Amino acid sequence: MSVTVYGIPNCDTVKKARTWLEGQGIAYAFHDYKKQGADPERIAGWIAQAGRERIVNKAGTTYRKLDEAQKDALAGDGAAAVLAANASVIKRPIVEHPGGLLVGFKPEEWAAALG
């Protein structure tokens, strides 16, 4: 099974998710937004698949620091570009797997999708 985890390594939720994957014996590739960046085309695909509301992390400080023009762009066609430029505003982690996409970390949802 090909599993790719997208996130930021020092994020507590990403740490929990990676620990869970390792505990389940699931091999995965990790894509670090801070080192490898975020691809706007891939983000646009995530938005199409899961919806903008699930992909955008409005709870973090980075979101609160966005100016009004960036927040307005997040509500429209410019969302992928804003998220690519501000990867901390992307919900974490995002996991691509053969059956689809997981957004955020919910052990029961992950077990159903990856188990």
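Relevant structure appears above.
Cut-off values and rules
Residues numbered from 1 in each chain as written. Predicted model: local features only at pLDDT ≥ 70, side-chain atom pairs only at ≥ 80, totals over all residues. Heavy atoms only, no water. Pairing = 2+ DSSP bridges. Helix = DSSP H or I, 4+ residues; strand = E, 2+ residues; numbered from the N terminus. Salt bridge = Lys/Arg side-chain N within 4 Å of Asp/Glu carboxyl O. Core = buried A, V, L, I, M, F, W, Y, C linked by side-chain atoms within 4.5 Å. Buried < 20%, exposed > 50% of the residue type's maximum accessible area, 1.4 Å probe, protein only. Contact = heavy atoms within 4.5 Å. Axes fitted to C-alpha atoms, helices over the stretch in contact; angles between N-to-C directions. Parallel < 35°, antiparallel > 145°, perpendicular 65-115°, else oblique. Left-handed = near helix turned anticlockwise from the far one by under 90°.

As a further point, take the pairing of strand β3 (residues 94–97). Note that strand β1 (residues 4–7) and β3 share three bridges and pair antiparallel. Note on β3: the bridge partner recorded for Val5 is Val95. Between β3 and strand β4 (residues 100–103), which pair antiparallel in sequence order, lie two residues.

Under the defined criterion, the tally for this structure stands at three salt bridges. The salt bridge partner of Arg54 is Glu109, with a shortest N-O separation of 4.0 Å. Highlighted residues: Arg54 in helix α4 (residues 52–55) and Glu109 in helix α8 (residues 107–114), separated in sequence by 55 residues.

This part is about the nonpolar core. Tyr33, Trp46, Leu74, Leu83, Ile90 and Ile94 are the most contacted members of the largest nonpolar core, which totals 24 residues. Leaving out residues up to four positions away in the same chain, Tyr33 has contacts with Tyr6, Gly7, Ile8, Ala38, Trp46, Ala87, Ile90, Arg92 and Ile94. Residues Val3, Ala17, Ile26 and Leu114 belong to the second largest nonpolar core, which totals eleven residues.

The next subject is the packing of helix α1 (residues 12–23) against α8. α8 packs onto α1 with a crossing angle of 40° between their chain directions and a minimal axis gap of 12 Å. Between α1 and α8, the crossing angle belongs to the class labelled oblique. As for how α1 packs across α8, the hand of that crossing is right-handed. Between α1 and α8, the contacting residues are Ala17, Trp20 and Leu21 on the first element and Pro107, Trp110, Ala111 and Leu114 on the second.

Turning next to the sheet that holds strand β2 (residues 29–32). With respect to topology, four strands assemble into an open sheet ordered β2-β1-β3-β4, the strand pairing being mixed. Unpaired on one side and paired on the other, β2 and β4 mark the two borders of the sheet. With direction set aside, neighbouring strand axes in the sheet form an average angle of 20°. In the packing of helix α3 (residues 40–50) onto the sheet, contacts are made with β1, β3 and β4, and the angle to β4 comes to roughly 90°.

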